[in-house]
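# Results of the structural survey
Here is what each chain is made of, one letter per residue.
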Amino acid sequence: MKGNLVIVLFIVILGSCKQKPHINPYHPHSNKLTIIQDGLGKRIDSLLLQEIAIGFSGSVVVSVNDKIVLQKGYGWTDSLKSYPIWPSTKFYLASTTKGITGVLTLVAQQKGILKTSDSLSMLNENCLMHFGNISIHNMLVHTSGLSNAYETYGATEREANLELLYTRPLGPKGEFKYSSAGYWLTSAIIEKLSGIPYEEFARENLFKKATMENTDFWFEANEQDKDVFAQKQKKFPPGNLYPNWGYRGSGGITTNIMDLKNYFRALTTFQILTKESLDQLFGPHLTLESGIGIGYGWYTTTTSRGTREIWSRGGESFGHNSAIRWFVDEDVAILILTNCGEIESGGEANRTVSNKIENLIF
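The notes below deal with the structure included here. (Residues numbered from 1 in each chain as written. Predicted model: local features only at pLDDT ≥ 70, side-chain atom pairs only at ≥ 80, totals over all residues. Heavy atoms only, no water.)

### Examining the overall build of the protein
- Check the secondary structure of the protein and you find eleven helices and 14 strands.
- Counting every position in the protein, which comprises 362 residues, the buried fraction comes to 54%.
- Considering only intrachain contacts with a sequence separation of at least 6, the fraction spanning at least 24 residues in the protein is 66%. (Helix = DSSP H or I, 4+ residues; strand = E, 2+ residues; numbered from the N terminus. Buried < 20%, exposed > 50% of the residue type's maximum accessible area, 1.4 Å probe, protein only. Contact = heavy atoms within 4.5 Å.)

What follows is the structure, given as structure tokens:
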């Protein structure tokens, strides 16, 4: 009898020592660079905690009257829910990068390196005539006629990418047609005329001045560190991980929400651009039938309240998407970085979630 009891006791102890399944519940009050102000900050936080249940993962900053009411990460960096997202977690900016290229173009103009009226022929003396008269301005406001086809992604040399570009048909100049090609071409012009690599120009003239200490380019990102970098929903083709001109200037920057906040503040307080240059950045230089005003990687719209919004956003097929939304007249900014792709009714999270925050505030 005693022997049987010993055996049973041994089995119970052994069972209690077995490794339990890993469960990492979300802790909404974890504090790591997190800011939640009483009142509005807590109400927005409560809203975003509910969004986690329907698939939201990302980091958010909301400022009102230039005061941060919320700075926090939500959800997890990985599908196994092992690593929580913090304000320090890094994401791809996607096409919000285009707004940065617009800024750097105007920095170069302020320095006398180029003018936005300069043409593509400055990049290549042997530029085909019908390409050569396209201006930097045309490229930044998407009226260049350039194709948005991605055949040019992957070439590591500027000249090789230009040759690939010339194989694409050129549409009518002056008509709005969204094209990433105009942005990598602009970054190539900045590189050639400044005499330093585009990445170095960006670091010296923007990242350092705006205290963007955790902002890099896609080929520098340590994506294997899930505690630092939000994971993709699908992998890049291997060739796209190498330095190439297809992503330079159009969508290849990685950052975290605190650096994005610092960028926005430095920009809107004239630390990077003069007022004249900032007005040129935001535009609008033309207005579409939809009412969207076109700037240099930035856009303007009128809200349902009759107020002005200036914004820049981007999304990638691998789930990362971002937005900077500035309600100028109401002095409110919503900044969002996510890696969860579309979570509601086919809309990217940067749109659906920031819309809910907007509705809550106003």
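Once you've had a look at it, read on.
### Side note on the nonpolar core
- L206, Y263 and L281 are the most contacted members of the largest nonpolar core, which has 73 residues in total.
- If sequence neighbours within four positions are ignored, Y263 has contacts with G99, I100, V103, L206, A210, M212, W298 and I324.
- Core analysis: the next-biggest nonpolar cluster, separate from the first, contains 24 residues, L40, I44, I52 and V60 among them. (Core = buried A, V, L, I, M, F, W, Y, C linked by side-chain atoms within 4.5 Å.)

### Let's talk about the sheet that holds strand β3 (residues 67-74)
- Strand order across the open sheet formed by nine strands is β1-β3-β2-β12-β11-β10-β9-β8-β7, with antiparallel pairing between neighbours. Of all strands in the sheet, those bounded by a partner on one side alone are β1 (35-36) and β7 (286-287).
- As defined by bridge partners, strand β10 (residues 308-315) adjoins strand β11 (residues 321-327) across seven bridges and the pair is classed as antiparallel. Bridge pairing in β11 places G315 opposite N321.
- Packing of helix α11 (residues 349-361) onto the sheet brings it into contact with β2 (58-64), β10, β11 and β12 (332-338), and relative to β12 it is tilted by some 150°. (Pairing = 2+ DSSP bridges. Axes fitted to C-alpha atoms, helices over the stretch in contact; angles between N-to-C directions.)

### Some details on unusual backbone geometry
- With an omega of 5°, the peptide bond running from G283 to P284 counts as cis.
- With respect to the element layout, P284 can be found in the loop between α10 (275-282) and β7.
- For D66, which is not glycine, the phi torsion reads 65° and is therefore positive.
- Residue T211 is not a glycine yet carries a positive backbone phi of 55°.
- Within the fold, T211 resides in the loop between α8 (198-207) and β5 (216-217).

### Re the packing of helix α6 (residues 158-166) against helix α7 (residues 181-194)
- Here α6 crosses α7 at 145°, and the two axes come no closer than 12 Å. By crossing handedness, the relation of α6 to α7 is classed as left-handed. In this structure, α6 uses R158, N161, L162 and L165 to contact α7, whose residues at the interface are A181, W184, L185, A188, E191 and K192.
- Residue composition of the contact of α6 with α7, grouped by class: six nonpolar, one polar and three charged. (Left-handed = near helix turned anticlockwise from the far one by under 90°. Nonpolar A, V, L, I, M, F, W, Y, C, P; charged D, E, K, R; others polar.)

### A closer look at helix α9 (residues 257-268)
- Over its twelve residues, α9 extends 16 Å from the first C-alpha to the last, a length consistent with the 16 Å expected when each residue adds 1.5 Å.
- For α9, the tally of buried residues reaches ten of twelve residues, placing the bulk of the element in the interior.
- Buried residues of α9: I257, M258, D259, L260, K261, Y263, F264, A266, L267 and T268, and no others.
- Here α9 starts with a cap whose side-chain oxygen sits 3.2 Å from the backbone nitrogen of M258, and that cap is N256. (Expected span 1.5 Å × (residues − 1). Polar contact = N/O pair within 3.5 Å; in protein donor to acceptor, adjacent residues only side chain to side chain.)

### Let's talk about the packing of aromatic side chains
- With the rule as written, the count across this model stands at twelve aromatic pairs.
- Ring centres 5.2 Å apart and planes at 75° place the aromatic pair F282 and W298 in the edge-to-face group. One end of the pair, F282, is in helix α10; the other, W298, is in the loop between β8 (293-294) and β9 (299-302), with 16 residues separating them in the sequence. Accessibility assignment for this pair places F282 and W298 in one class, buried. (Phe/Tyr/Trp six-rings, centres within 6.5 Å; stacked < 30°, edge-to-face > 60°.)

### Some points on the sheet that holds strand β4 (residues 90-92)
- Taken in spatial order, the three strands of this open sheet run β4-β6-β5, and their pairing is antiparallel. The open sheet has two free edges, formed respectively by β4 and β5, since each of these has just one partner strand.
- Bridging between β4 and strand β6 (residues 253-256) involves three bridges; their strand directions are antiparallel. Opposite F91, over in β6, you have T255 as the bridge partner.

### Focus: the pairing of β2
- Buried residues dominate β2, accounting for seven of its seven residues.
- On β2, burial covers both faces: G58, V60, V62 and V64 on one face and S59, V61 and S63 on the other are all buried.
- Hairpin geometry of β2 and β3 is characterised by an intervening segment of two residues between the two adjacent antiparallel strands and by a positive phi of about 55° at N65.
- The pairing of β2 with β12 spans seven bridges and is antiparallel. Across the sheet, residue S59 finds its bridge partner in β12, namely L337.

### Quick notes on the packing of helix α3 (residues 96-110) against α10
- Two elements in contact, α3 and α10, have axes whose closest approach is 10 Å; the angle formed by their N-to-C orientations is 145°. Our pair here, α3 against α10, has a crossing hand that is right-handed. On α10, the residues that touch G99, G102, V103, L106, Q109 and Q110 of α3 are S277, Q280 and L281.
- By residue class, the composition of the contact of α3 with α10 is three nonpolar, six polar and no charged.

### A few points about α3
- Between its first and last C-alpha atoms α3 spans 22 Å; for 15 residues at 1.5 Å apiece the expected length is 21 Å, and the two agree.
- The buried fraction of α3 amounts to 13 of the 15 residues, a majority that puts the element mostly inside the structure.
- Remark: G112 follows α3 within two positions and exhibits a positive phi of approximately 80°.

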